[in-house]
Structures are given as C-alpha cells and as structure tokens.
Amino acid sequence: MPDLIISGGTVVNATGTAEADVVIDGEKIVALLAPGVAGSVGLVADRTIDASGKYVVPGGVDAHTHMELPFGGTAASDTFETGTIAAAHGGTTTIVDFAVQRYGERVQDGLEAWHKRADGNCAIDYAFHQIIGGVDADSLAAMRSLVDEGITSYKLFMAYPGVFYADDAQILKAMQVARDEGLLTMMHAENGPAIDVLAEQLVAQGKTDPYFHGVARAWQLEEEATHRAIMLADLTGAPLYVVHVSAKQAVAQIATARDAGKNVFGETCPQYLYLSLEEQLGASSEEYGAFEGAKWVCSTPLRARAEGHQDAMWQALRTNDLQVVSTDHCPFCMKDQKELGRGDFRAIPNGIGTVEHRMDLLYQGVVTGRLSLERWVELTSVTPARMFGMYGSKGVIQPGADADVVVYDPAGHTSIGAATHHMNMDHSAWEGFEIDGHVDVVLSRGQVVVDDGVFHGRAGYGRFVKRGLSQYLV
Ligand code: DUC
Ligand code: ZN
Ligand code: ZN
Ligand code: ZN
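Residues numbered from 1 in each chain as written. Chains lettered and ligands numbered in written order. Predicted model: local features only at pLDDT ≥ 70, side-chain atom pairs only at ≥ 80, totals over all residues. Heavy atoms only, no water.

### Thoughts on the overall build of the chain
What counts is decided by this rule: Counting from the N terminus, the helices are DSSP H or I runs at least four residues long and the strands are E runs at least two residues long. What the globule rule says is 2.2 Å times the number of residues to the power 0.38, and the radius of gyration is computed from C-alpha atoms. Only protein chains enter the area calculation, which uses a 1.4 Å probe; residues under 20% of their type maximum are buried, those over 50% are exposed, and those in between are partly exposed.
Each helix and strand counted, the chain has 14 helices and 19 strands in total. Taken over C-alpha atoms, the radius of gyration comes to 21 Å for the chain, in line with the 23 Å a tight globule of 474 residues would show. Based on the C-alpha atoms only, the size of the chain along its principal axes is roughly 75 × 55 × 40 Å. Residues counted as buried form 61% of the 474 residues belonging to the chain.

### Considering the site of ligand 1
Rules: Working definition: residue near molecule or strand if any one of its non-hydrogen atoms lies within 4 Å of it. Distance and chemistry together define a polar contact, namely a pair of N or O atoms within 3.5 Å, with one atom able to donate a hydrogen and the other to accept it when in protein, and with adjacent residues in sequence counting only for side-chain atoms on both sides. In these tables, accessible area is a Shrake-Rupley quantity obtained with a 1.4 Å probe, and a residue counts as shielded only by the protein chains included in the view. When residues are grouped by polarity, Ala, Val, Leu, Ile, Met, Phe, Trp, Tyr, Cys and Pro land in nonpolar, Asp, Glu, Lys and Arg in charged, and all others, Gly among them, in polar.
Near ligand 1 you find Lys155, Phe157, Tyr160, His188, His244, Cys298, Ser299, Asp328, Cys330, Asn350 and Gly351, and these make up its full shell. Between an oxygen atom of ligand 1 and a side-chain N or O atom of His188, the distance comes to 3.0 Å. Separating a nitrogen atom of ligand 1 from a backbone N or O atom of Asn350 is a distance of 2.8 Å. Expressed as a share of its isolated accessible area of 240 Å², the protein-covered part of ligand 1 is 99%. Tallied by class, the residues present in the shell around ligand 1 amount to 4 nonpolar, 5 polar and 2 charged.

### What to know about the UniProt feature "modified residue: N6-carboxylysine" (unreviewed entry) in the chain
Rules: UniProt positions are given in the numbering used here, feature names are shortened, and annotations may be inferred rather than shown by experiment. Contacts between residues were defined by any pair of non-hydrogen atoms, one from each residue, lying within 4.5 Å.
The positions that UniProt labels "modified residue: N6-carboxylysine" (unreviewed entry) are, in the present scheme, Lys155. Relative to the elements of secondary structure, Lys155 occurs in strand β11 (residues 153-157). With sequence-adjacent residues up to four places away left out, Lys155 is seen in contact with His64, His66, Phe98, Gln130, Ile131, Ile132, Met186, His188, Val243 and His244.

### Quick word on the coordination of the zinc ion (ligand 2)
The condition is simple: Distances decide who is a donor: an N, O or S atom must be within 2.8 Å of the metal, or within 3.2 Å for Na, K and Ca. Water is not included, so sites may look incomplete. Working rule for geometry: tetrahedral if four donors all subtend angles between 85 and 135 degrees; square planar for four, octahedral for six, if opposite donors exceed 155 degrees and the others stay between 65 and 115; irregular in every other situation.
Every protein donor of the zinc ion (ligand 2) is listed here as Lys155 (NZ), His188 (ND1) and His244 (NE2), and their distances to the metal cover 2.1 to 2.3 Å. For the zinc ion (ligand 2), the 4 donor atoms in the first shell make angles of 84 to 126° at the metal, a pattern classed as irregular. Coordination of the zinc ion (ligand 2) draws on donor residues from a single chain, spaced K-x32-H-x55-H in sequence. The metal-metal distance between the zinc ion (ligand 2) and the zinc ion (ligand 3) is 3.8 Å.

### Here we look at the packing of helix α5 (residues 168-181) against helix α8 (residues 219-236)
Just so we agree on the cut-off: Axis definition: a line fitted to C-alpha atoms, limited for helices to the stretch in contact. Angles are taken between N-to-C directions and run from 0 to 180 degrees. In these notes the angle categories are as follows: under 35 degrees is roughly parallel, over 145 is roughly antiparallel, 65 to 115 is roughly perpendicular, and the rest is oblique. Working rule for handedness: look at the near helix, and if it is turned counterclockwise from the far one by less than a right angle, call the crossing left-handed; if clockwise, right-handed.
With their axes 9 Å apart at the nearest point, α5 and α8 run at an angle of 45° to one another. One element, α5, and the other, α8, form an angle in the oblique class. The crossing of α5 and α8 is right-handed. Contacts between α5 and α8 involve Asp168, Ile171, Leu172, Met175, Gln176 and Arg179 on the former and, on the latter, Arg228, Ala229, Leu232, Ala233, Leu235 and Thr236. Class assignment for the residues of the contact of α5 with α8 results in 7 nonpolar, 2 polar and 3 charged.

### What to know about the pattern of salt bridges
Filter applied, for reference: By definition here, a salt bridge exists when the distance from a side-chain nitrogen of Lys or Arg to a carboxyl oxygen of Asp or Glu is within 4 Å.
Tallied over the full model, the rule gives 25 salt bridges. As a salt-bridge pair, Asp125 and Lys394 come within 2.7 Å of each other at their nearest N and O atoms. Taken together, the residues span a long stretch of sequence, with Asp125 in strand β10 (residues 125-132) and Lys394 in the loop between α14 (373-387) and β16 (405-415) at a distance of 269 residues. Arg144 is paired through a salt bridge with Glu181; the nearest N and O atoms lie 2.9 Å apart. With Arg144 in the loop between α4 (137-143) and β11 and Glu181 in helix α5, this pair connects stretches of sequence that are 37 residues apart.

### Considering the coordination of the zinc ion (ligand 4)
Looking at the zinc ion (ligand 4), one finds its protein donor set to be His438 (NE2) and Asp440 (OD), positioned 2.1 to 2.2 Å from the metal centre. Residue classification places His438 among the partly exposed residues on the basis of a relative accessible area of 24%. Overall, the relative accessible area of 8% leaves Asp440 in the buried class.

### Some details on the environment of Thr152
In this structure, Thr152 sits in the loop between α4 and β11. Using a relative accessible area of 3% as the deciding quantity, one classes Thr152 as buried. On a C-alpha basis, the gap between Thr152 and Gly468 in space is 6.5 Å, while along the polypeptide they are 316 residues apart. With residues up to four places along the chain from it excluded, the contact list for Thr152 reads Val147, Gly182, Leu183, Leu184, Phe388, Arg467, Gly468 and Leu469.

### Concerning unusual backbone geometry
Omega for the bond connecting Ser299 with Thr300 falls within 30 degrees of zero, at 0°, which places this linkage in the cis form. Residue placement: Thr300 occurs in the loop between α11 (277-282) and α12 (309-319). Although it is not a glycine, Asn320 adopts a positive phi angle of roughly 70°. Here Asn320 shows up in the loop between α12 and β15 (324-325). Unlike most non-glycine residues, Asp328 shows phi in positive territory, near 55°.

### Here we look at the sheet that holds β15
Each strand in a sheet pairs with another by means of backbone hydrogen bonds, the pair being arranged parallel or else antiparallel. Defined as follows: Whether two strands pair comes down to DSSP finding at least two bridges between them.
Strand order across the open sheet formed by 8 strands is β6-β9-β10-β11-β12-β13-β14-β15, with parallel pairing between neighbours. Among the strands making up the open sheet, the edge pair consists of β6 (60-65) and β15. Looking at chain direction, strand β12 (residues 184-188) and strand β13 (residues 240-242) are connected through 3 bridges and run parallel. Residue pairing for β13: Thr185 is matched across the bridge by Leu240. This element, helix α3 (residues 107-118), spans β9 (92-101) and β10 of the sheet and lies at about 155° to β10. Strands in contact with helix α9 (residues 248-259) are β13 and β14 (264-268); relative to β14, the strand with the most contacts, it is inclined by about 150°.

### What to know about the packing of aromatic side chains
The geometry of two aromatic rings is summed up by the distance between their centres and the angle between their planes. Quick note on the threshold: When the centres of two rings from Phe, Tyr and Trp lie within 6.5 Å, Trp using its six-membered ring, the rings pair. Their planes under 30 degrees apart give stacked, over 60 give edge-to-face, and anything left gives tilted. Criterion for a charge above a ring: Lys NZ or Arg CZ within 6 Å of the ring centre, and within 35 degrees of the ring normal.
Considering all chains together, one arrives at 20 aromatic pairs under this definition. Between Tyr274 and Phe433, the aromatic rings sit 5.7 Å apart at their centres with planes inclined by 85°, giving edge-to-face as the arrangement. With Tyr274 in helix α10 (residues 270-274) and Phe433 in the loop between β16 and β17 (434-444), this pair connects stretches of sequence that are 159 residues apart. One aromatic cluster is present, built from ring pairs that chain together Phe71, Phe157, Tyr160, Phe164 and Phe332. Seen from the ring of Trp114, Arg117 lies directly overhead, with NZ or CZ sitting 4.4 Å from the centre.

Dropping the structure here:
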C-alpha cells in the first residue's frame with residue numbers, strides 16, 4: 001500500500017498539464033495514474049489528499065538565497081532554519097544558497113563554514129553555489145575540486161570592490177577553470193568601481209537617502225558589465241549565467257548573445273518584475289521619513305518603471321531570454337540593520353526578503369495572462385533544477401522523482417504582510433501585495449511539511465543535495 005495519493009488534481013509540468021493522481025511511496029513519486037484508475041484497480045493509500053480543482057506542481061527550486069550572509073557589518077536575518085521554514089510555507093522545497101569565500105580565506109574553509117551553518121537546521125533540501133571572493137592561485141586550484149563536492153556553479157562579483165570583487169584578469173582566469181571543469185559561472189554583473197565613484201559623489205552632494213543607491217547603480221553600469229561578462233565567457237568557452245538581471249539593456253545583451261548561439265543565461269527576481277525606483281523614491285513613513293526606502297535597497301537596484309524595465313523582464317520571461325526566477329533572498333530588518341545606513345545609503349545592507357513569496361508572486365503572472373501555467377512551473381522549478389544539475393529528482397512530477405510536491409489552490413485571496421509572513425524580518429518589502437491563489441499543501445520527499453498554512457516539518461529534515469553538472473547545456 002503506498003503512503004499517499006494526491007487525487008483529482010491537475011498535474012502541471014513544463015511540458016503540459018494533465019488530470020492525474022500522484023502516487024507517493026516513501027520519499028518518491030511512484031506513479032501517475034489517469035483519473036479513476038486507482039479506484040478501478042482497488043489501489044488505496046494510507047492517506048489521500050484531495051486536490052480537486054487545484055494544481056499539483058513540482059516543489060519550487062529557489063536557486064539564489066543568502067541565509068545568514070555576513071554583509072556590511074551585520075548578517076542576513078534569516079537563519080537556515082527560519083529561512084527554509086519560510087520557503088516551505090511558500091511552496092519552495094529546495095534552495096541553493098551561496099557558500100562564501102572571502103578574500104584571504106581558503107575556499108574549502110568558506111564552504112565548510114556554510115555546511116556547518118546549514119547542516120541540521122534546514123526544513124527542506126538545500127544545495128550550495130560557491131562564491132569566489134578572491135581569485136588567486138589557491139582559489140583557482142580549489143575551484144577544480146568543487147564538482148566532487150556537489151557544487152557545480154560558482155559566483156563572481158564585478159561589483160563590491162574591496163569585498164568580493166573580481167577584476168577582468170581574475171574573471172578570465174576563473175572562467176578558464178570553469179570551462180575545464182564544467183562549472184557554471186554565475187555573474188553579479190555591475191561595474192563596481194564606477195558605481196563607487198558615483199556613490200561617493202552623490203554622498204558628497206548630500207544625496208544620502210536610500211533612493212540614491214539606485215541612482216548610483218545606473219543601468220549603463222549593469223549593461224556594460226553584462227556585455228563584458230558575455231565577451232569574457234565567449235572568449236574562454238565557459239557558459240555564463242547572469243544573476244538578478246534588472247535593466248532592460250542587460251536583457252538585450254543576453255538576448256543578443258543567445259541569438260548568436262552563445263551559452264548565456266539569465267535570471268531575474270520578483271522585485272524586478274513588480275517594484276520600481278519611483279516607488280522607492282515615494283516611500284516615506286512617520287518613523288523613518290524618506291529612509292523608509294531602505295526596505296528596497298538591493299543590488300542590482302530597483303529600476304525606473306517609466307523606463308520600461310519591469311515590462312521588459314516579463315517579456316524576457318515569456319520569450320525565454322531569461323530562464324529562471326529566483327529571489328536573491330537576502331533579508332535585513334530595518335531595526336539595527338538597514339538603520340546602519342541612515343545618513344549614508346552606502347552603509348545600508350543590500351537585500352530584500354522574498355523566499356516565501358516567489359511562487360505566489362509569479363503565479364500572479366498566470367492570473368494576469370502574462371505567463372502560462374507551464375511557464376510558471378518552468379521558471380520557478382523545472383529550469384532552476386535543470387540549470388543547476390538536480391533535474392529528475394527535483395523539478396518534475398514523474399515516477400522516480402523526489403516527492404517534492406505543491407498542491408496549489410487557484411482560489412482564495414490574501415495580502416502579504418510582515419504580521420503574517422514567516423521570514424525573520426520586521427517588515428516586508430511586499431507589504432499589502434494582493435495575491436490570488438495560495439499554497440495549500442507542501443511535500444518534501446514525501447513528508448507533508450506545510451498543510452493549510454501550518455508547518456508540520458522539522459528543522460534538520462532537509463538534506464544537502466550534491467548537484468551534478470548543469471543539464472541545461474549540451
Ligand atoms: N545583492 C543583494 O541585494 N544582496 C546581497 C548580495 C547582492 O548581490
Ligand atoms: Zn549579486
Ligand atoms: Zn545574491
Ligand atoms: Zn487552502
């Protein structure tokens with residue numbers, strides 16, 4: 001007798017939808033049955049979940065999170081425990097976080113520290129990318145061993161001089177190793193040295209409010225860095241994945257590269273689809289005044305709606321010029337964290353917390369007709385799983401796959417807010433956002449971890465996923 005049947009739902013995969021019962025035994029999906037078949041052969045499970053009128057989708061894969069990330073003298077406010085519980089509430093069953101090597105530190109030590117933080121604390125499965133904060137002979141040698149560790153992608157920063165920064169010579173050398181080892185290069189594509197000059201000039205003019213963070217991080221500097229990264233990748237033969245794309249001109253660079261047959265990919269995040277620099281400029285509160293805008297300080301920054309960046313992101317998701325929606329979840333509280341940058345936007349820790357809301361926020365694209373159901377699932381689960389070497393066990397509802405399953409109910413209407421979210425933040429960047437539909441039941445490897453908004457999982461249940469090479473490349 002199988003453990004569980006999810007019956008009567010509409011199963012959504014990237015390739016289409018079908019009415020089917022999903023049969024689960026232990027940690028795995030063992031069968032998909034046409035409606036009525038289970039009854040006609042007398043198949044009964046220990047438990048049945050009625051998914052009539054609901055979608056049954058592969059658990060979300062958020063390929064870009066930063067739990068506990070040290071940043072600007074503080075650390076991201078979600079631990080692996082609080083962040084993965086929040087993720088589970090939102091229908092995400094796998095996160096890929098970034099282990100950090102800081103300059104002067106050994107890559108292996110950075111990775112080990114990340115394993116220590118996550119091990120025994122995650123409510124859902126997790127994997128790591130590796131941030132290479134300093135490219136030198138040691139870290140290049142260490143990069144060669146990452147694949148054996150189940151870490152098949154690494155991130156470089158063209159921004160943040162003095163913190164994580166890689167110059168062109170370093171990027172070139174790292175990409176050569178990536179090409180040799182089959183690693184996927186993830187690039188934070190912003191011209192950091194130029195940004196720092198603009199930021200310094202703005203502060204010298206007394207322009208210290210959070211809004212000026214976005215002014216300093218001009219779209220020209222995202223476009224330029226994206227182009228440079230594409231050309232360096234092309235030269236070395238390494239595939240490239242540009243993270244958190246927010247400027248329409250950067251998307252155009254990616255689209256041009258793809259049209260020319262290059263292995264260039266891109267992700268965007270919900271904040272670049274929905275939020276804008278104008279709203280950040282208009283933000284004000286009694287407590288914080290214009291500093292209220294610090295809630296939306298992230299990098300890349302929010303962009304001007306009047307310039308059409310948000311529409312360009314939606315279009316690129318539809319046309320596959322961008323392939324993945326991740327969150328870049330990097331939460332900081334206002335109190336004692338964002339507040340560090342009162343009087344100087346450069347000291348505001350960069351980041352927005354969204355790990356709980358990604359599936360819901362993207363589902364609104366289905367509601368408004370911007371995305372098909374299949375594309376919703378593709379962007380939030382299927383392609384991140386394929387891109388980062390987990391597809392087959394993650395990212396699909398089929399026999400043999402891990403039973404990471406979300407029952408998503410298109411009915412219901414809620415609004416997002418700090419009073420009800422599960423992320424460890426004293427505010428929400430999404431306060432008041434209206435959501436049609438909701439996550440009903442979430443399974444992680446066959447275990448119900450969320451049912452009707454109630455967490456039934458356990459911190460420590462989540463396992464480290466040793467990833468294979470990207471399955472998105474030929
Ligand atoms: N961007 C952020 O907003 N936070 C952390 C790092 C990054 O690149
Ligand atoms: Zn980044
Ligand atoms: Zn990030
Ligand atoms: Zn419900």
